[in-house]
Each structure stands twice: as structure tokens, then as C-alpha cells.
Amino acid sequence: MPIATPEVYNEMLDRAKAGKFAYPAINVTSSQTLNAALRGFAEAESDGIVQISTGGAEFLGGQYNKDMVTGAVALAEFAHILAEKYPVNIALHTDHCPKDKLDGYVRPLLALSEERVKAGRNPLFQSHMWDGSAETLADNLAIAQELLEQARRANIVLEVEITPTGGEEDGVTHEINDSLYTTVDDAIRTVEALGLGEKGRYLLAASFGNVHGVYKPGNVVLRPELLKELNDGVAAKFGKQSPFDFVFHGGSGSSEEEIRTALENGVVKMNIDTDTQYAFTRPVADHMFRHYDGVLKVDGEVGDKKQYDPRTWGKLAEAGMAGRVVVAANNLRSAGNKMK
């Protein structure tokens, strides 16, 4: 199947919300990790989301120029070709983009997709994220309004993060404290600024104690039941039941119970990066240790080309990461739920 059209992506999100499941959103940084994500979704019979962060896009752009837009566009175009060979629907998304990177990342990508749509084509990406969590809520929502209008014109869904997620993501750091919990007032102000769909569809990354990375038990207190409070508070004021399509950030390392509660309360997308990074790298480390004298020219020897051939350890990395995507799809109930 090809990359999801705007219509298919909207249907994917609607199905997830109605069915109380969510799509794994897998960060990729190369054609190898893209293949691993696509393979995992196909093996799980799950539609899914592939996403590129600012740091990932810079890496994809090559270390000579480190151009984020070039990196993101190149992988997206590659994905449009590659995804046709996989029997699942895949949406392309750009992950966290703070204010100082908007002009070098999301705004040019939105403009590119808007031109494609004007020419009768589909947008290059299906959604983009604006991370204004480091700004005041007023400034955050003012920028979100501008981006939402541009996204609407390009048939793209906007993701907004209105309050901080703890930990570090591509150089943006937030402390782990009480600010990691979105309030009903925050949610109401979001609706007042962005509407309930009539101004364009958006996904809401609300904070319920989320932290990027993986932490030992007890270091992070997740309260996914908070999402119901936000939905109920907005429904009471505006009359629309379950108004939000929620995103679960900092999903790596979460317990199955926390994930289930989040799904019951409206999460349709969960970001997974740290766990899939490890799943990709661990088989490579294993290979290098097991074949030390093959991958290195030790003591004047010539090594073993079959062992240091990137395809040898790359296939192991792909399989490891694909397996973790399957686990995520099962945890999020998207496995076996692909659109026909």
C-alpha cells in the first residue's frame, strides 16, 4: 500500500479512537531504520506512523551540510516508494520542533506540501508537530493557530504539545516536576484557540507525567487517567464528548497497565524511540563482540569481510528493531487492525 493519503490518515485516527487502540509512532534516522519500522508494522499487520525528529532529519541530511529539510524530504520521498511494497498503511510525521527550528524545519515542509496540494498532489507528510512546551501557553497557542491554518491548507494534521514532557529530546530539556501535568484550564484554552476540528484537525500531546527516555521504576509517576479529566472538562464546557485525539509522549518503558489506561482515555498515537534505538543497536553490539577478530584487522590479520560487511550486521539490526515494533503494536492493540 502507498503512504496514507490525508483521507486514509484521518480514517486511521478515527478508527483508533473508536476502537480504543493507538498507532506506534516510530522514530527513524536512516533507510535501515525505516525498513525496520515498515517490516515491524507488516509483521504485526498494523498500520502505523513513521516520524522524523529535527535531529533525525539533520542526521539524514548528511554531516556535510546537516540540512534538516533535505534529510526529511529525502527520506519521505524514499518512503513513498518503499511503502508500496508493504501491506499496511503508513503515515509520515515530523516529531518535536521547537520555536527556534520552525523556520528551518516545519514551516518549509508545510510550504512544500501546500504547493503539492495546489498542484493536485497529496502532501509529502501527513502530520507535523509543533512543540511549544518551552513557551508560555499564550505564545504556544498563538503560533499553533498560525501553523494549524497552514496545515489545514496543505491537508495536514498538526500535533501540538501544550505542556512539557520531562527529560531530553533533541536538545530540548524539561525538569521532572509538577509542571508535567496538563490542567483542564490548559485544555480549555487550547480549544478556545484551536477549536474542535472546524479550524483544522490537530493531535494533542497533553502531559500526564511523561518523560522522554527510559527511567527506573519509581522515578516517573504517570497519571494517564488525567486524560479523562481533560476530555470531560472540555466536554462540559463545549458540549463535544471525547474532543481530543491524544498523543502519548515518552512511551518507551511504560507499563502495559499505563498503556491500557491511556488507550481507554483517547490516546491514538504513542511515540517510541528509545526502545527501538536499543533494539536496533543491541544485535549490532552482539555481532561485534562475537566476531571481534572478524570485524577488526587484529594483530596484522585481514579480518573477515563477511563479518564486517554492513549488510551482515545490518540485517540483524533490522530484525531486532522490527521485533520491538511488533511488541509495541501488540501493546497498543493496533496489531491485526490494519485497514483493508
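Residues numbered from 1 in each chain as written. Predicted model: local features only at pLDDT ≥ 70, side-chain atom pairs only at ≥ 80, totals over all residues. Heavy atoms only, no water.

Participant: How would you sum up the overall build of the protein chain? Please name residues and give values.
Facilitator: Helix and strand counts for the protein chain come out as 13 helices and 10 strands. Here the C-alpha radius of gyration of the protein chain, 20 Å, is about what a compact globule of 340 residues would show, namely 20 Å. Its C-alpha atoms give the protein chain principal-axis dimensions of roughly 75 × 50 × 40 Å. Here the protein chain has roughly 14800 Å² of accessible surface; of this, 51% comes from carbon and sulfur atoms. Where the 35 positive side-chain charges of the protein chain centre and where its 48 negative ones centre are 5 Å apart. (Helix = DSSP H or I, 4+ residues; strand = E, 2+ residues; numbered from the N terminus. Rg over C-alpha atoms; globule rule 2.2 N^0.38 Å. Areas by Shrake-Rupley, 256 points an atom, 1.4 Å probe, with all protein chains shown as cover. Lys, Arg positive; Asp, Glu negative; His and termini not counted. Charge placed at Lys NZ, Arg CZ, Asp CG, Glu CD.)

Participant: Pulling in residues and values, what's your account of the environment of Val268?
Facilitator: Within the secondary structure, Val268 sits in strand 10 (residues 267–272). For the pair Val268 and Phe21, spaced 247 residues apart in the sequence, the C-alpha separation amounts to 6.2 Å. In this structure, Val268 is in contact with Leu13, Ala16, Lys17, Phe21, Ala22, Tyr23, Leu203, Asp245 and Phe246, ignoring residues within four places of it in sequence. (Contact = heavy atoms within 4.5 Å.)

Participant: How would you summarise the pairing of strand 10 if you had to cite specific residues and measurements?
Facilitator: Counting buried residues in strand 10 gives 6 out of 6 residues, a clear majority hidden from the surface. Of the strand pairs in this sheet, strand 1 (residues 23–27) and strand 10 are connected by 4 bridges, and their pairing is parallel. Its bridge partner being in strand 10, Ala25 is matched across the sheet by Asn271. Two elements, strand 9 (residues 246–248) and strand 10, share 3 bridges in a ladder whose sense is parallel. (Buried < 20%, exposed > 50% of the residue type's maximum accessible area, 1.4 Å probe, protein only. Pairing = 2+ DSSP bridges.)

Participant: With reference to specific residues and values, describe the packing of aromatic side chains.
Facilitator: Within the structure shown, the criterion is met by 3 aromatic pairs. An angle of 70° between the planes, with centres 5.0 Å apart, marks the rings of Phe208 and Phe248 as edge-to-face. A residue pair is termed long-range when its members are at least 10 positions apart, and Phe208 in the loop between strand 8 (202–205) and helix 8 (226–238) and Phe248 in strand 9 qualify at 40 residues. The exposure classification of Phe208 matches that of Phe248, with both residues buried. With centroids separated by 5.5 Å and ring planes inclined at 50°, the aromatic side chains of Phe244 and Phe246 adopt a geometry described as tilted. In this structure, Phe244 and Phe246 share a single accessibility class: buried. (Phe/Tyr/Trp six-rings, centres within 6.5 Å; stacked < 30°, edge-to-face > 60°.)

Participant: Now, about the nonpolar core: what can you tell me, with residues and values included?
Facilitator: Among the nonpolar cores identified, the biggest contains 75 residues, and Tyr105 and Val160 are the most heavily contacted of them. The contacts of Val160, once residues within four sequence positions are left out, are Trp130, Ala144, Leu194, Tyr202, Leu203, Leu204 and Ala205. (Core = buried A, V, L, I, M, F, W, Y, C linked by side-chain atoms within 4.5 Å.)

Participant: Break down helix 13 (residues 310–331) for me, with residues and values.
Facilitator: Between its first and last C-alpha, helix 13 extends 31 Å over 22 residues, near the 32 Å set by a 1.5 Å rise per residue. Burial in helix 13 covers these residues: Gly314, Ala317, Met321, Ala322, Arg324, Val325, Ala328 and Ala329. Down the axis, helix 13 shows its buried residues gathered within 160° of arc, on one side only. Structurally, helix 13 contributes buried residues whose contacts are with strand 1, helix 2 (31–44), strand 10 and helix 10 (274–290). Phi for Arg333, located one or two positions after helix 13, is positive at around 70°. (Expected span 1.5 Å × (residues − 1). Arc of directions from axis to C-beta.)

Participant: Go over the packing of helix 7 (residues 184–194) against helix 8, please, and point to the residues and values.
Facilitator: Put simply, helix 7 and helix 8 touch, their axes get as near as 9 Å, and they point 50° apart. What the angle tells us is that helix 7 and helix 8 run oblique. At the point where helix 7 passes helix 8, the crossing takes the right-handed sense. From helix 7, Val184, Ala187, Ile188, Val191 and Glu192 reach across to helix 8, where they touch Glu229, Leu230, Gly233, Val234, Lys237 and Phe238. (Axes fitted to C-alpha atoms, helices over the stretch in contact; angles between N-to-C directions. Parallel < 35°, antiparallel > 145°, perpendicular 65-115°, else oblique. Left-handed = near helix turned anticlockwise from the far one by under 90°.)

Participant: So what about helix 8? Which residues, and what values?
Facilitator: If you check helix 8, its first and last C-alpha atoms are 18 Å apart, about what 13 residues at 1.5 Å a residue would give, namely 18 Å. Residues Leu226, Leu227, Leu230, Asn231, Gly233, Val234 and Ala235 constitute the buried set of helix 8. Against the buried residues of helix 8 lie helix 7, strand 9, helix 9 (256–264) and strand 10.

Participant: Go over the pattern of salt bridges, please, and point to the residues and values.
Facilitator: Counted according to the given criterion, the structure contains 21 salt bridges. With a shortest N-O distance of 2.7 Å, Asp232 and Lys228 are connected by a salt bridge. Of this pair, Asp232 and Lys228 are both found in helix 8, 4 residues apart, which corresponds to roughly one turn of the helix. Residue classification places Asp232 among the partly exposed residues on the basis of a relative accessible area of 37%. Between Arg333 and Glu264 there is a salt bridge, with its nearest N and O atoms 3.0 Å apart. Here Arg333 is found in the segment after helix 13, whereas its partner Glu264 is found in helix 9, with 69 residues between them in sequence. Sharing partners across several salt bridges, the network here consists of Asp14, Lys17, Arg201 and Asp245. (Salt bridge = Lys/Arg side-chain N within 4 Å of Asp/Glu carboxyl O.)

None of the figures reported here should be taken as evidence of function without further support.
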